[in-house]
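# Examination of the molecular architecture
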Amino acid sequence: MIEREILLEKMKTSPYRPIKARIVEARMLTDKEKFFRIELEGGIDLRHQPGQFVMVSLFGYGEAPISICSSPTDKGYFELTVRNVGTLTDKLHRLGEGDVLGIRGPFGRGFPVDNMFGFDLVIAAGGLGLVPLRSLIRYIMYNRNDFGNVQILLGCKTPKDLLFGQETKEWMRRAEIKFNCTVDRADPDWKGNVGLITSLIPGVDLNPTRTYGVVVGPPVMYRFVLSELLKKNIPDHQILVSLERRMRCGLGKCGHCQIEGVYVCQCGPVFDYAQLKNFKGECHEKAALP
Amino acid sequence: MKYASIKKENLNKWLEYLKKKARLYAPRKKENLFVFRPVKDVSEVCLKYVPTILPPKKYYFPQKEKLLKFSIEPFKTAKAISEFEDFILFGVHTCDIAGIQCMDVVFRDGPEDPNYLNRKDKMTIIGIECLEYCDRFANCVSMANHVPRGGYDLMLVDIGEKFIIHINSEKGERLVKGLSYIKEVGETEMSALERVREAKKKVFKEEFSAPLNKVNQAFSQGFASKVWEDVGRRCVACGNCTAVCPTCYCFDVLDDVDLSLNEGLRYRIWNSCQMDDFAKVAGGEDFRKERANRQRHRYYRKFKYPVDKFNRYFCTGCGRCSRSCMAQINLIETVNSLAAEVKESQK
């Protein structure tokens, strides 16, 4: 506890100052995505909300915003899943157990889990969108009795791109949640659905007033999945998304994550559809929707 | 003492005095333009000037600012700057003072930015009121920044043989107190000040074709306006407009490792929303790909978003963006065309 206060004090002297963290587990999930379990110095908890992000520092390479994929109920550590797309993430991929990195955060507004209490949930994940959603799904699993029916829809390009293979298999087996997965292109071993994630939604049976729809994926996916959920008459404020932007500071200053007047690092990354509707044209995720 | 006065012949003496008190920055000529520079020779200080190439923002929000010292192995971080030095900005126009007030709002808004606030604490602002237009690019009257509206420690007004000094803070008072050549003002000087302000009204006229609240409404309704396409077609995305803007503060974060390859510094450097990849994300999506969108974003960050958030316009009227634009994109023209288009559409 005291340790945490000291560290927080350290961060307060400059919010730009990362604290030390150590990788305690690292493994490749696919050939592009690597999973990391990380402990903060002094064994303190990150105390994040599902859906928040951290700024990962690799000195000499800079910083990047990364979604947290573990639940706050996973104590003593937190987890990240990172796709290798640039200089910093490439370096990160070359790190393994025992290596050290810097962490600032957690930042942003996560999923409103308290408001979702007692509701049915339809969770739609596209590709890497499963990463931030995993923090929510794990939270729900841990507090399973706090929520009604839970349906998870997952779409990815090919079976090879499927993240958290073991874990999703377990979700599939569990009786108290419904799990459906689809791929754009199958391979000979694939026995599941083939097609876009939107094809899974018409089959979903839900009571709109008592359902939260949660969607995370690439921009193009939102447009189609959101309109399917709206067709089901889920109220605007019960449709949630998490938006990807490349923050540089996390403090609502640097301007990179701004959508019109809104700083995603402070007001997001989680938004509801009622908020999304207010954007006039810079929010590609809602393009061409009513 | 709320007002004081100084004879012009004593100004250099005072500047010498200020120079001893703290690091002194003031405008001086550079070829046919003007710049803020550390004062070496007080005779170079120039108080009749067209807004400097860069606003004094470079002193409280440097182009490249150290955020952090680090070492990779062992993992260590430290404050990059242990002490900030006192400095005086001399001869700042009222538009640029408005710019400083805008930056204050942003960096004090939580989470606070300690780098900015530390610098700001060490800053003393001595302004000068403009009595005539600098050039045709300024729109300070429409922004109501052609007259002093606070935000400074001392403000000079030229009343002929003397400057009247408005003392606006204790910090300012300390710089005029006990000097034989800075005197209290009497009736004559105060009425001279009134005459000067009265004469100003004849010179300064609103530059926008509509009052500010109408301009703001035009922005509320003009998101899809053709004006942005037009501006976007001409824009060359050089980023001049944002670099010279006293209220632009977007930045990037950059690490610099020294020759040991183990120790280094983390900086923040000015960045511009006009740059090609500013709003690009790892997934490849670029959220403001078109120049028209980027220019629109810049304008909205002056006339709409900060008004919604802070009740403050982030255009100071200095005219620098228009003055420095390589494609002759003119802020007054853009705003007026937008206002006209929106008005037309409402008929």
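Rules used in this analysis
- Residues numbered from 1 in each chain as written.
- Chains lettered and ligands numbered in written order.
- Predicted model: local features only at pLDDT ≥ 70, side-chain atom pairs only at ≥ 80, totals over all residues.
- Helix = DSSP H or I, 4+ residues; strand = E, 2+ residues; numbered from the N terminus.
- Buried ≥ 20, exposed ≤ 12 C-beta atoms within 10 Å, placed from the backbone.
- Contact = placed C-beta atoms within 7 Å.
- Nonpolar A, V, L, I, M, F, W, Y, C, P; charged D, E, K, R; others polar.
- Domains from an automatic or database assignment.
- Axes fitted to C-alpha atoms, helices over the stretch in contact; angles between N-to-C directions.
- Parallel < 35°, antiparallel > 145°, perpendicular 65-115°, else oblique.
- Left-handed = near helix turned anticlockwise from the far one by under 90°.

For chain B, the count of helices and strands is 13 helices and 12 strands. Summarising its shape, the C-alpha atoms of chain B cover approximately 70 × 65 × 40 Å along the three principal directions. The 347 residues of chain B split such that 42% are buried. A separation of at least 24 residues holds for 72% of the contacts in chain B among residues at least 6 apart in sequence.

This paragraph deals with the interface of chain B and chain A. Taken together, the 37 residues of chain B in the interface contact 33 residues of chain A. When contributions to the side of chain B that touches chain A are tallied by element, the ones reaching two or more residues are β4 (64-71), β11 (251-257), α10 (291-303) and α11 (305-310) of chain B. Here the side of chain B that touches chain A takes 6 residues from β11 of chain B, the largest share from any one element. For the side of chain B that touches chain A, the per-class residue count stands at 23 nonpolar, 4 polar and 10 charged.

Residue and element names in this part refer to chain A. Domain boundaries in chain A define domain 1 (2-107) and domain 2 (120-286). Distance from the C-alpha centre of domain 1 to the C-alpha centre of domain 2: 23 Å. Opposite the 22 residues of domain 1 that make contact, domain 2 presents 21 residues. Per-element accounting of the side of domain 1 that touches domain 2 gives the leading share, 3 residues, to strand β6 (residues 100-107). Per-class residue counts for the side of domain 1 that touches domain 2 are 10 nonpolar, 8 polar and 4 charged.

What describes two packed helices is the angle between their axes and the distance between those same axes. All names here are of chain B. Between helix α8 (residues 226-234) and α10, whose axes approach to 7 Å, the crossing angle comes to 110 degrees. By the criterion of interaxial angle, the relationship of α8 to α10 is roughly perpendicular. The two elements α8 and α10 meet at a crossing, and its hand is right-handed. Contact with α8, carried on its side by W228, E229, V231 and G232, involves R291, A292, Q295 and R296 of α10 and no other residues of that element. Counted by class, the contact of α8 with α10 contains 3 nonpolar, 2 polar and 3 charged residues.

Moving on, we come to the environment of N139 of chain B. Here N139 of chain B shows up in the loop between β7 (123-128) and β8 (154-158). Beyond its immediate sequence surroundings of up to four residues, N139 of chain B is in contact with E207, F208, G317, G319, L331 and I332 of chain B.

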